[in-house]
Every structure is written in C-alpha cells, then in structure tokens.
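Below, each chain spelled out in residue letters.
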Amino acid sequence: MTIQQERVEVLLPEEHPHHAEPTGLLKWMTSTDHKVIGKNYLYTSIAMFLLAGLMALVMRSQLVEPDNTLVSFQQYNELFTMHGSLMLYLFAGPFAFGGLANFIIPLQVGAPDMAFPRLNALSYWLYLSGCIIMLGGFFTTGGAADFGWVSYAPLSEATNSPGAGPDMWILAILLTGFSAIFTAVNLITTIFYLRAPGMTMFRMPIFTWGMLVTGILILLAFPVLSAAMVMLFADRHFGTHIFTVQGGGVPVLWQNLFWFFGHPEVYILALPYFGVVTEILPVFSKKPVFGYKGMVFATIAIAGLSTSVWAHHMFTTGVVLLPFFSLMSYLIAVPTGIKFFNWIGTMWRGHLSFKTPMLFAIGFLIVFLTGGLSGILLASPPIDFAVHDTYFVVAHFHQVLVGTAVFAGFGGFYYWYPKMTGRMMREPLGKAHFWTLMVGFWLTYVPMYALGLIGMPRREATYPAGLGWTLWNQISTVGAFLMGASFIFWLVNIWISWRNPIPAGSDPWEYGQSLEWFTTSPPPHHNYNKLPPIRSERPTWDYYHPEAPKVERNGKQVIPALVGASSGSPDASNGPGAAGNGRSGGGSNPPEGHEDGGPS
C-alpha cells in the first residue's frame with residue numbers, strides 16, 4: 001500500500017441545480033437514486049426472508065413428532081418449495097447484489113450514481129413483481145408450486161404439477177432473473193467506467209471486487225436458467241417434449257441446465273458476502289486487509305472454477321464423469337482456503353474490537369468453515385452416494401448459505417446501517433441477536449447431520465415412530481424457533497434506533513478505510529462534493545493519517561498496519577476520533593467541512 005505523497009483533494013464537477021425531489025411514498029416509487037433503490041431492495045428482500053423463515057418454522061413444527069398432521073402432504077410440499085425459492089431467489093441474492101451493492105458500490109468507487117439509473121429502477125420493479133407473482137401462487141386454485149426450488153423434471157411437468165401456481169413460479173423466476181442480469185450489467189459498467197480519479201482496479205475495495213466478479217457470473221449463469229424456464233414452460237403448455245421421455249425428451253437435461261446455473265449461483269450468493277466480511281475484519285482489527293491481491297485472485301479463481309463443478313450435484317444419476325467433477329469440487333476449496341488464511345491474517349495481532357458487525361463476521365468464519373468441511377465430504381462420490389437426498393445434505397446446504405447470507409449478510413447490515421441511515425443501532429441488542437442466532441443455529445443443524453447419517457430422507461412431511469428420529473427432530477425444532485426469536489432482537493433494535501436516534505457521524509467505527517466512510521451519514525443525493533486523493537486501497541484512512549510513520553516493504557514506502565500502542569503509533573495520538581484530526585467518531589455532528597458530503 002503506497003503512502004500518499006501529497007494531500008491534493010479531487011474536486012468533483014459542480015452539479016446543475018436540480019428540482020425538488022418527491023417525498024414520501026412517491027419518492028420510493030419513482031426515484032432513480034441508487035441509495036433509494038438499494039434500500040427498496042433491502043426492505044423487500046428482508047420481507048421475503050421473514051416470510052421464508054415463518055414457513056420454515058411451520059415445517060419444523062410439522063416434524064416435531066411422528067405422524068403429525070399440522071399440515072397436509074400437499075401443503076408441506078408447497079411450503080418447502082416456497083421456503084427454498086424465497087430464500088435463494090428472492091432474499092440471499094437480492095439482499096447482496098440488489099441491496100448492499102446498489103447502496104455501497106457507487107460510494108466505494110467514488111461515483112455519483114449507478115451507470116444506468118433508470119435500468120436500475122426497472123431492475124427493482126421486475127424483482128418486486130417476481131416476489132408478488134411467486135407468492136400469489138398460494139392464492140390460486142391448485143396452490144403454489146410444490147416441486148421443490150430445483151423444479152426437477154418430470155415433477156415440474158404439467159401432468160405431475162398442474163395448475164397456475166407452478167406457472168406463476170416460472171414467470172417469477174424469469175422476472176427476477178432478468179432483474180439480476182440488468183443489475184449485473186449496471187454494476188459492471190459502474191465499476192469499470194465511473195471510478196473516481198486514482199481508483200485503479202487494484203485500489204478497489206474487496207467488496208467491489210466481489211460484486212464485479214459476481215456480476216460476471218450472473219451474466220454467465222442466469223441466461224441458462226432463463227432458457228431452462230422457457231423450455232419448461234413450453235413443455236407445460238406448447239406441446240414440446242424437451243424433458244418428457246414419452247416424447248423423446250431427456251429429463252436429466254433439466255439437471256444439467258439447472259445445475260450449470262445452480263453451482264455458480266452458490267458462489268453468486270457467497271462472493272458478495274465474502275466481500276462483506278473482508279470489509280468488516282480490517283476495520284475492527286485496525287489493520288489493512290492481509291494479502292489484498294491474494295484475495296482478489298482467489299475471488300477470480302472461485303468464479304472460474306464454479307462453472308466446472310455443476311455435476312457434483314448429479315453423482316447419483318450415473319451420467320457424469322465422477323473423477324473429473326470430484327476433483328474440481330476438491331480444487332475449488334483451494335482459493336476458499338486462501339481467503340480463510342487471509343481473513344485470519346487480517347485479525348492476527350490486530351487490535352480487535354468485538355462490536356456487533358465483527359461478531360457476525362467471526363460467526364461467518366466458524367459456520368462457513370464447518371459447512372465447507374462437510375462439503376468436502378460430499379465431493380467424494382462414495383460418501384455422496386450414501387447421504388444423497390438425506391438430511392445430511394440439508395444440513396450442509398443450510399450451513400453454507402446461513403453462514404453467508406445470514407451471518408455475513410446481517411454483519412454487513414449492522415456495519416453499513418449507520419452509513420445508510422445516519423443512526424446507530426444498539427450494541428446490547430445486536431449482541432443478543434448474534435448469540436441467540438448462533439446457539440439456535442447449532443441446535444438446528446447439527447441434529448440434521450445426525451438424522452441424515454441414520455437415514456432420514458429430506459422432503460418428508462412425516463415419519464413413523466420407532467426409527468430414532470424423534471429426539472433429533474425435536475432438538476432441531478427448538479433450535480429453529482430460537483433462530484426465529486433472535487430476529488426479534490434485530491427488529492426491536494431497528495425500531496429503537498429509529499424512534500430514539502443516536503447520530504452516527506461520518507465514520508462511527510472510527511477506522512473506516514474505504515471511500516464510503518469519507519462522506520456524511522446518510523450520504524447526500526450526489527454522494528460527494530470532494531474526494532480524498534486515492535493512493536491506495538484505503539483512501540479514507542490515508543487522508544486522516546498523513547503523519548503515519550513510513551516503513552519500507554519490498555523497496556516501497558508504505559503505511560504500516562494500525563497496531564501497537566507505542567507513543568509514536570498513529571492510534572496513540574492522532575488516530576480517528578483524536579482531537580484535531582477532523583474525523584467524526586460517532587458524535588452527534590459531522591466534522592467541520594462535512595456538511596456538503598466530504599471534508600472541505
């Protein structure tokens with residue numbers, strides 16, 4: 001990381017005076033401001049998350065005892081289909097690349113807005129339409145889709161799944177797929193063409209890198225899913241036989257098409273959250289990220305390898321080359337391991353501050369690591385044959401996705417909430433949210449591993465007594481309700497922070513490093529009037545620490561890690577929040593010169 005040699009601010013062109021913007025509901029419906037659209041995505045995706053969570057609680061209640069009749073078999077099939085669909089298609093992805101990325105990426109690269117604001121608004125409305133249409137399936141005569149979120153043919157054919165509900169599900173996937181594609185185009189264009197002066201590719205934050213690579217993956221994977229949905233709809237209504245054996249079709253073709261989307265989709269969901277964690281750890285370790293370029297190249301390697309491992313979901317079909325896909329499944333663990341090494345290196349010998357975002361980031365490391373280890377087991381064909389379609393796979397899949405979308409995702413929410421709203425959340429409630437979620441998580445999913453190993457199939461609405469499954473299901477159900485209760489702390493936290501606000505200041509964490517911590521909280525309409533000189537991947541930190549001692553590394557002068565408490569160290573005298581450095585440390589007012597969106 002090179003030291004800035006001069007303190008010359010980048011003055012942005014003056015904006016033309018713009019007319020007064022609409023307010024209230026009209027603002028949320030008509031705005032093309034990336035910050036408003038990002039919040040719309042966040043609100044909608046969180047609503048989908050809460051609905052999907054309620055469906056999960058109903059399913060766990062059904063399985064709490066043998067031969068339960070809380071819901072019928074048909075209703076149970078609809079619940080697990082819609083639970084998976086809402087979580088994967090309508091929450092985990094849109095929360096990251098619709099909500100967090102929309103709000104944060106232009107701020108991190110120093111752009112005034114997304115490259116295509118109207119396309120950005122269209123993307124959100126397509127997504128919202130998809131949400132409404134998918135949920136609308138519950139109100140049709142035949143009920144919602146009931147063939148699982150993977151919609152395997154021939155289960156999803158018209159003969160086995162008649163009615164309007166499945167058609168509405170297909171239409172919803174198409175709409176949200178196009179929404180994701182348009183968002184990816186917007187993000188990629190914004191990152192490539194609207195970066196501030198000095199913001200080279202290898203000075204971009206890791207979160208921005210994660211979203212760039214995710215956008216490219218979306219452009220590769222989502223068109224395949226959309227094409228598969230069109231084929232399925234044609235089979236259902238136009239007399240084609242692409243997936244039906246009776247007409248000469250091949251049902252396993254659906255699996256190849258779906259998983260060619262589905263496995264890159266796992267990393268489309270994971271890479272943004274990897275970026276979130278990589279933003280949180282350095283700030284609360286008071287250090288630069290360890291191995292910056294290694295993180296970038298590991299992200300690229302994961303994306304490349306993710307397109308070559310789709311068939312490890314198809315080991316039991318007997319139509320894929322087991323040695324190749326097993327090897328590729330093992331190989332993709334290598335760049336992920338590099339990331340873990342760098343995350344631990346970032347925290348190593350740092351001044352750790354265990355505030356709520358940091359707790360969620362560390363929770364992600366623990367949960368995702370153990371989930372990844374069970375994934376290594378499933379990459380072995382003999383083990384996969386034994387546990388395929390059992391609760392072992394359910395536990396692994398949920399552990400990976402809860403580790404990313406929930407632990408890392410809500411860590412990012414707590415981290416950027418002050419920037420989005422200008423308000424602080426309450427630490428005691430945030431920590432109560434984390435610990436109840438962590439305990440509930442392990443109580444929920446460890447029993448599922450045990451259930452899988454003793455033979456309980458997934459997607460079973462009930463089971464007979466005497467198989468040894470009852471106690472494990474009861475423990476899992478208690479854990480699920482504890483996880484659900486944890487989000488009450490989060491909702492109460494938001495309510496209190498809104499009703500009794502504590503102003504956040506421009507940098508409430510006091511060691512913000514990337515550009516978004518340079519502007520006010522919340523940012524003004526145009527994001528910035530002035531930008532600091534960008535000489536490294538930590539421009540905000542550089543701006544406030546010109547006096548940091550210089551050391552030699554590989555023949556270059558660099559700013560050392562912000563560690564140590566000696567009298568000559570930056571954090572001993574002139575660190576963020578210290579008198580005279582002009583930086584807001586979470587006080588009630590932004591520092592002098594911040595009123596217009598950046599220090600003057």
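Residues numbered from 1 in each chain as written. Predicted model: local features only at pLDDT ≥ 70, side-chain atom pairs only at ≥ 80, totals over all residues. Heavy atoms only, no water.

K.L.:
How do you make sense of the overall build of the chain when you look at a structure like this?
P.N.:
Summing up its helical and strand segments, the chain has 17 helices and four strands in all. Split into buried and exposed, the 600 residues of the chain put 59% on the buried side. Sequence-distant contacts in the chain: of pairs separated by 6 or more residues, those separated by 24 or more amount to 81%. (Helix = DSSP H or I, 4+ residues; strand = E, 2+ residues; numbered from the N terminus. Buried < 20%, exposed > 50% of the residue type's maximum accessible area, 1.4 Å probe, protein only. Contact = heavy atoms within 4.5 Å.)

K.L.:
Help me out: how do you make sense of empty space enclosed by the protein in this one?
P.N.:
The gaps left among the atoms become clear once a water-sized probe is rolled over them. The tally for this structure, following the rule as stated, stands at four cavities of 30 Å³ or more. Here the largest cavity defines a volume of roughly 140 Å³. Forming the walls of the largest cavity are 14 residues, and the residues nearest its centre are Thr278, Glu279, Val289, Gln513 and Glu537. In terms of residue count, the dominant contributor to the lining of the largest cavity is helix α7 (residues 251–285) (four residues). Of the residues contributing to the lining of the largest cavity, the split by class is eight nonpolar, three polar and three charged. Roughly 120 Å³ of internal volume is contained in the second largest cavity. What lines the second largest cavity is a set of 17 residues, among which Tyr89, Pro94, Phe97, Thr176 and Ala180 lie closest to the centre. Those elements giving two or more residues to the lining of the second largest cavity turn out to be α3 (73–109), α5 (164–193) and α6 (206–237). Its residues assigned to classes, the lining of the second largest cavity comprises ten nonpolar, six polar and one charged. (1 Å grid on protein atoms, 1.4 Å probe; cavity = no way out; pocket = protein on both sides within 12 Å on 5 of 7 lines; lining within 4 Å. Points joined across faces, edges and corners; volume = space filled by probe spheres on them. Nonpolar A, V, L, I, M, F, W, Y, C, P; charged D, E, K, R; others polar.)

K.L.:
I tried to follow the side chain of lysine 419 on my own but got confused; where do I start?
P.N.:
With respect to the helices and strands, the residue lysine 419 is situated in helix α13 (residues 391–421). As a buried residue without a salt bridge, lysine 419 has its nearest oppositely charged side chain in aspartate 507, at a separation of 7.1 Å. A polar contact of 2.9 Å, which involves the side chain of lysine 419, links it to the backbone oxygen of serine 506. Sequence-distant contacts of lysine 419, defined by excluding residues within four places in its chain, comprise Phe103, Ser506, Glu516, Trp517, Thr519, Thr520, Ser521, Pro522 and Pro523. (Lys, Arg positive; Asp, Glu negative; His and termini not counted. Salt bridge = Lys/Arg side-chain N within 4 Å of Asp/Glu carboxyl O. Polar contact = N/O pair within 3.5 Å; in protein donor to acceptor, adjacent residues only side chain to side chain.)

All we've got here are geometric facts, nothing functional implied.
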